[in-house]
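Summary of structural features
The primary structure of each chain is shown beneath.
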Amino acid sequence: MKVLVAVAEVADVEDEFAIDGLAIDEQYLNYDLNEWDDYAVEAGVQLQEAGEDVEVVSVTIGPERADETIRMALAKGVDRSIRVWDENLEGTEYLDSETKADVLAAVVEDEQPDLVLAGVQSDDTAFGATGVALAEEVGFEWAAVVNDLEYEPGSETASVHRELEGGVEEFTDVELPAVFTIQTGINEPRYASLRGIRQAQSKEIAPKTLDELGLDASVTDSDVSLTQLYEPETESDATLFEGSPDEEADQLAELLRDEGVEA
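Structure report, in brief. What you see is a predicted model, and the numbers here were worked out from it, not measured in a lab.

1. Comments concerning the packing of aromatic side chains
In the structure shown here, the tally under the stated rule is zero aromatic pairs. Here Arg65 stacks its cationic end above the ring of Tyr31, 3.7 Å away from the centre of that ring.

2. Considering the layout of surface pockets
For the largest pocket, the calculated volume is near 1,600 Å³. Together, 49 residues line the largest pocket, and Glu9, Leu95, Lys100, Asp124 and Thr125 are the ones closest to its centre. In terms of residue count, strand β2 (residues 9-13) provides more of the lining of the largest pocket than any other element does, four residues in total. Looking at the lining of the largest pocket residue by residue, the class counts come to 27 nonpolar, 12 polar and 10 charged.

3. Considerations on the side chain of Glu9
Residue placement: Glu9 occurs in strand β2. Residue classification places Glu9 among the buried residues on the basis of a relative accessible area of 16%. Here the side chain of Glu9 touches Thr69 through a polar contact of 3.4 Å, side chain to side chain. Ignoring sequence-local partners within four residues, the contact set of Glu9 consists of Tyr31, Asp32, Arg65, Ala66 and Thr69.

Thresholds, definitions, all that
Throughout this description, residue numbers start from 1 for each chain and increase along the sequence as written. The predicted nature of this model means local features are confined to residues of pLDDT at least 70 and side-chain atom pairs, given and counted, to a pLDDT of 80 or more, with totals for whole chains, interfaces and linings taken over all residues. With hydrogens and water stripped out, all remaining heavy atoms of the structure feed into the side-chain values. Any two of the Phe, Tyr and Trp rings considered here, Trp counted by its six-membered ring, make a pair once their centres fall within 6.5 Å; the pair's planes then place it as stacked at under 30 degrees, edge-to-face at over 60, or tilted in between. Placement of a positive charge over a ring is assigned whenever Lys NZ or Arg CZ falls within 6 Å of the ring centre and within 35 degrees of the normal to the ring plane. As defined here, a cavity is a set of points on a 1 Å grid over the protein atoms alone where a 1.4 Å probe fits but cannot get out. A pocket is an open set with protein on both sides within 12 Å along at least five of seven lines, and residues line them when an atom is within 4 Å of a point. Grid points are joined across faces, edges and corners, and a volume is the space filled by probe spheres set on the points. Under the scheme used here, helices are H or I runs from DSSP no shorter than 4 residues and strands are E runs no shorter than 2 residues, and both carry numbers assigned from the N terminus. For this classification, the nonpolar set comprises Ala, Val, Leu, Ile, Met, Phe, Trp, Tyr, Cys and Pro, the charged set comprises Asp, Glu, Lys and Arg, and every other residue, Gly included, is treated as polar. Only protein chains enter the calculation, and the probe is 1.4 Å; a residue is then buried if its accessible area is under 20% of its type maximum, exposed if over 50%, and partly exposed in between. Each polar contact in these results corresponds to two N or O atoms within 3.5 Å; when the atoms are within protein, one needs to be able to donate a hydrogen and the other to accept it, and residues that are neighboring in sequence are counted only if both atoms are side-chain atoms. Throughout, a contact is declared for two residues whenever any of their heavy atoms are within 4.5 Å.

Purely spatial values, then, with no claim about function.
In structure tokens form, the structure reads like this:
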């Protein structure tokens, strides 16, 4: 069995930052593994531990800088990784869900996985469309917002719980091959062990270009564009009370009186 896990590197913005054109200045960004993808990695590794002859492969669309983040997934039990990047992707102003799905679909065609796992959404843009768009592209069955996954080694189906609107949960069986988008809370992502970190240094991260995947620059064409980036203005200031609980209570009471609020 082969499990392919989509892993994204996302930028975490410092509290104080500056905007440079249509992007945040690089000096204010720190890069890390997308939180939702961390749970997807753990789900894949747990399937590997539960069955025999299960290979877990991660795929990332990103520059060489992302190798550090990819090593985190390798240290947690992923067997090998694929990183897709070239000058066409680097020169793209905005990588939308459709472009990512097209690129990932080409990797799926190469790898022929039985199961594809991806985080429900990303920390940076909060989009949640890539996993489902990928399933549509490759013709796999799919389940979104999966918060429980059960699979018996050798089975042709997997049982999933998924969150629906209004707090409703659905339990269903999905035929493989399939794409599942994984929700936070489905498991407890492990910390990379010292041994895992050492082993990750020798595991493969295979760079791929669009051309090597049978794609050309047209895959980056998009109807979505970024037109403006700005920090919303603060509509009101927060008042911070300091002191003991009694002193804070007195300050709050005084503020309420000043605002004309009566008990």
